[in-house]
Amino acid sequence: MSRVQAHYDDVADVYDQRYDVRQGRLYHHHLSRIALEQLPEGGLLLDLGCGTGLFIDHYQKNGGSAVGLDISPGMVAMGRKRCPDSEFMVGTAEILPFADETFDSVASLLAFSYLTHPEATIRECQRILKPGGRIAVCTLSWNMLTRIVPVVYRIGERIGYQKVGFLDHRYSYYTEAELKALFLRAGFIDVESTRCSFAHYILPSWFFSLAQRCEPFVERHFPALAFNVCVSGRKKEDG
């Protein structure tokens, strides 16, 4: 069992306290909206690192059906409770247990930083997408604040702070250029990127409210201050 899997099994029952209440809910909804804008309405979605099914819930309400894949059995169990009409399974993103050209779209929110073989994952996404299918990945990117996040998490684990995500793990944060290059090498076309989410859930409540009001302006004019990058692409049509 990997340390990432063990950590998320331990916090599965409290995971939604991070992303489905108060600031975390607003933060996750913002990222979900941005990802949904890059994906077709309806069709079959694969959610990589699906957690407790929060994004799948959004996608279903938008008219689609979905399959969730996560390394943590605890997370998968919670996802099945949230979205009983969807399929959830335990697995890793580097080798996907699906036939070629199975899905209309692929999404991954806030899970890409954990991957040890991101190129293999993107190639697998290319393989299991139908021709013309789309992919959207939202993950933490480098800015002035995210550079200290691994240090904070390392300290948190050392002192036994049992909190979702507080794991002394080798995170991989990506620039827009790095993620776009991964997509292009895998053969995706129409690759686009945007920086998003200036209002991060970990901010003090007074600053979060201010950041949320400023978020559209910051994302448009000062994107380097945003915490995440969302990259999307399309698989070529046959022929």
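Residues numbered from 1 in each chain as written. Predicted model: local features only at pLDDT ≥ 70, side-chain atom pairs only at ≥ 80, totals over all residues. Heavy atoms only, no water.

S.K.: Sorry, what's going on with the packing of helix H3 (residues 22–37) against helix H9 (residues 205–221) here?
M.R.: Angle between the axes and distance between the axes are the two parameters that describe a pair of packed helices. For the pair H3 and H9, the least separation of the axes is 11 Å and the interaxial angle reads 15°. Classed by the angle they form, the pair H3 and H9 counts as roughly parallel. The handedness of the crossing between H3 and H9 is left-handed. When H3 is examined against H9, the residues Gln-23, Leu-26 and His-30 are found in contact with a partner set consisting of Ser-205, Phe-208, Gln-212, Glu-215 and Glu-219. (Axes fitted to C-alpha atoms, helices over the stretch in contact; angles between N-to-C directions. Helix = DSSP H or I, 4+ residues; strand = E, 2+ residues; numbered from the N terminus. Parallel < 35°, antiparallel > 145°, perpendicular 65-115°, else oblique. Left-handed = near helix turned anticlockwise from the far one by under 90°. Contact = heavy atoms within 4.5 Å.)

S.K.: Could you clarify how one ought to interpret the state of the cysteines in this entry?
M.R.: When the sulfur atoms of two cysteines share a covalent bond, that bond is a disulfide. This model, assessed by the stated rule, comprises zero disulfides. Left without a disulfide partner, Cys-50 is nearest to the cysteine sulfur of Cys-83, which lies 9.1 Å away. (Disulfide = S-S within 2.5 Å.)

S.K.: What is the right way to read unusual backbone geometry from this model?
M.R.: Note: most peptide bonds trans; most residues except glycine with negative phi. Phi at Glu-101 is positive, roughly 55°, even though this residue is not glycine. Assignment of secondary structure puts Glu-101 in the loop between strand E3 (87–90) and strand E4 (103–109). Look at Glu-101 and you get partly exposed, because its relative accessible area is 39%. Look at Ser-197: it is not a glycine, yet its phi comes out positive at around 70°. For Ser-197, a relative accessible area of 0% gives the class buried. (Buried < 20%, exposed > 50% of the residue type's maximum accessible area, 1.4 Å probe, protein only.)

S.K.: I'm lost on the packing of aromatic side chains in this one. Help?
M.R.: For any pair of aromatic rings, the description rests on two quantities: the centre-to-centre distance and the angle between the ring planes. This structure, assessed with the given rule, holds six aromatic pairs. When the ring of Phe-198 is compared with that of Phe-207, the centres are 6.4 Å apart and the planes differ by 80°; the resulting orientation is edge-to-face. Pairwise contacts between aromatic rings join Phe-198, Trp-206 and Phe-207 into one cluster. (Phe/Tyr/Trp six-rings, centres within 6.5 Å; stacked < 30°, edge-to-face > 60°.)

S.K.: I'm lost on the sheet that holds strand E7 (residues 228–234) in this one. Help?
M.R.: Backbone hydrogen bonds hold the strands of a sheet together, and the pairing may be parallel or antiparallel. An order of E3-E2-E1-E4-E5-E7-E6 is seen for the seven strands of this open sheet, with the pairing classed as mixed. Every interior strand has two partners, whereas the edge strands, E3 and strand E6 (189–196), have only one. Adjacent strand axes in the sheet meet at a mean angle of 15° when their direction is disregarded. Docked against the sheet, helix H5 (residues 73–82) engages strand E2 (65–70) and E3, running at close to 175° with respect to E3. Helix H6 (residues 118–128) rests against strand E1 (44–48), E4 and strand E5 (129–140) of the sheet, and its axis sits at about 150° to E5. (Pairing = 2+ DSSP bridges.)

S.K.: Just checking my understanding: could you explain the pattern of salt bridges for this structure?
M.R.: Tallied over the entire structure, the rule returns seven salt bridges. With a shortest N-O distance of 2.8 Å, Arg-33 and Glu-37 are connected by a salt bridge. Pair noted here: Arg-33 and Glu-37 are both in helix H3, with a separation of four residues, about one helical turn. A cluster of three or more residues bridged by salt bridges with shared partners is formed by Asp-100, Glu-124 and Arg-127. (Salt bridge = Lys/Arg side-chain N within 4 Å of Asp/Glu carboxyl O.)

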